[in-house]
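An overview of the molecular structure
Single-letter residue listing:
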Amino acid sequence: MQPSALASTPLPLDAVILDLDGTMVDTLGDFAQALNRMLADLTLAPVAPELIVNMVGKGSEHLLRSVLGQVLSSTQGLQGDALTERVSALFPAAWDRYQAHYLDINGQFAQVYPGVVAGLEALRQRGLALACLTNKPLAFARPLLEAKGLSGYFSHVFGGDSFERKKPDPQPLLGACAALGTAPARTVMVGDSSNDAQAARAAGCPVWLVTYGYNHGQPIRAVAADAFLDSLAELA
Ligand SMILES: O=C(O)COP(=O)(O)O
Ligand SMILES: [Mg+2]
């Protein structure tokens, strides 16, 4: 491990909670496929992956509303209340089609980031309990971890619908710590975005951020964290 992660984090640690999209798996290709198949079903124009990347991390409902808003404003010139109303009117059908397409292609256009398996192995060998906490729906998260050979590392997997509120609210992290039976101060959150960092800070968990993820299109090093990791292999 680089000195940064351990040196600046209160020890000992009992558990590690890892984010999924942008931290363990690069899912941008899956998002683009499922979203553009959904948009085609609704006879709407496609959206570019460069725009999608900035909308990932706050759950699927936020992603769908953002994408529909982007497409309707750029192709039909809708704005303000008219845009909000049109997005809401399309949302049920969009969600239905998106869910079907996402489950259909889940993992096929996604890659595990380099160093993830080495990092997870190292954490497991240290005897740390491991949980995955993502804002994507649990029904998407479980098959994705399975498809990518990562599910065996985690005693618990929580999705954006596992708790009443999502990250950046601390509730999911506190719920995950309770399920793991660990104190937040001894449970580190590893994520790729300000969402993960805010949730961790509010829950009282140390936070390590990877430098290669999404972070809503903003520079990750501007986010307050206990350490930055260029690869989870630095934990080995
Ligand atoms: O917003 C999503 O769907 C997933 O985001 P996360 O895995 O980075 O929490
Ligand atoms: Mg993420």
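Within each chain, residue numbers correspond to sequence positions counted from 1 in written order. The lettering of chains begins at A and the numbering of ligands begins at 1, in the order of writing. Confidence filtering applies because this is a predicted model: local features only for residues at pLDDT of at least 70, side-chain atom pairs given and counted only at 80 or more, and all residues used for totals across whole chains, interfaces and linings.

**Section: the overall build of the protein**
- Strands are runs of DSSP state E lasting at least 2 residues, helices are runs of H or I lasting at least 4, and numbering of each runs from the N terminus. In terms of helices and strands, the protein carries nine helices and eight strands.
- Every radius of gyration here is taken over C-alpha atoms, with the globule rule written as 2.2 Å times N^0.38, N being the number of residues. Relative to the globule expectation of 18 Å for 236 residues, the C-alpha radius of gyration of the protein, 18 Å, shows essentially globular dimensions.
- With the C-alpha coordinates of the protein rotated into their principal frame, the extents come out at 55 × 35 × 30 Å.
- Exposure classes come from backbone-placed C-beta atoms, where a residue is buried if 20 or more other C-beta atoms lie within 10 Å of its own, exposed if 12 or fewer do, and partly exposed in between. Put simply, the protein has 236 residues, and 42% of those count as buried.
- Residue pairs at least 24 apart in sequence account for 64% of intrachain contacts in the protein once pairs closer than 6 positions are excluded. By definition, residues are in contact whenever their C-beta atoms, placed on the basis of the backbone, come within 7 Å of each other.

**Section: the sheet that holds strand β1 (residues 15-18)**
- Strand order in the open sheet formed by six strands is β5-β4-β1-β6-β7-β8, and the pairing between neighbours is parallel. Taken across any chain shown, the strands that pair with only one partner, and hence form the sheet edges, are β5 (156-158) and β8 (227-229). Put simply, the sheet's adjacent strands are angled 20° from each other on average, direction ignored.
- Bridge analysis of strand β6 (residues 187-191) against strand β7 (residues 207-210) gives three bridges, and the strand direction is parallel. From the neighbouring strand, V190 faces β7, where its bridge partner is W208.
- Helix axes use the C-alpha atoms of the stretch in contact, all axes being lines fitted to C-alpha atoms, and the angles between their N-to-C directions lie in the range 0 to 180 degrees. This element, helix α7 (residues 138-147), spans β4 (129-133) and β5 of the sheet and lies at about 135° to β5. DSSP bridges decide pairing: two strands pair if at least two such bridges lie between them.

**Overview of the packing of helix α8 (residues 171-180) against helix α9 (residues 194-203)**
- Packing of α8 against α9 leaves a shortest axis separation of 8 Å and a crossing angle of 60°. It follows from the interaxial angle that α8 and α9 lie oblique. Between α8 and α9 the crossing geometry is right-handed. Counted together, P172, L173 and L174 of α8 and A199, A200 and A203 of α9 form the full contact between these two elements. Note on terminology: angles under 35 degrees are roughly parallel, angles over 145 are roughly antiparallel, angles of 65 to 115 are roughly perpendicular, and the others are oblique. Crossings are sorted by hand: turned counterclockwise from the far helix by less than a right angle, the near helix makes the crossing left-handed, and turned clockwise it makes it right-handed.

**With respect to the nonpolar core**
- With 65 residues, the main nonpolar core has A131 and L173 as its most contacted residues.
- For this core, the two domains that each supply at least three residues are domain 1 (3-26 + 110-235) and domain 2 (29-105).
- What L173 contacts, discounting residues up to four positions off in sequence, is I17, L133, M189, A199, A200, A203 and C205. Defined on buried residues, the nonpolar core groups Ala, Val, Leu, Ile, Met, Phe, Trp, Tyr and Cys residues joined through C-beta atoms within 7 Å. Those domain boundaries reflect an automatic or database domain assignment.

**Section: the site of ligand 1**
- Contact assignment follows one rule, namely that a residue is near a molecule or strand if its backbone-placed C-beta atom lies within 6 Å of it. Surrounding ligand 1, one finds D19, L20, D21, G22, V56, G57, K58, G59, S60, T134, N135 and K136.
- When its residues are assigned to classes, the shell around ligand 1 shows two nonpolar, six polar and four charged.
- Split by domain, the residues of the shell around ligand 1 number at least three in each of domain 1 (3-26 + 110-235) and domain 2 (29-105). Here the term charged refers only to Asp, Glu, Lys and Arg, the term nonpolar to Ala, Val, Leu, Ile, Met, Phe, Trp, Tyr, Cys and Pro, and the term polar to all other amino acids, Gly among them.

The quantities given are spatial measurements derived from coordinates; they are silent on function.
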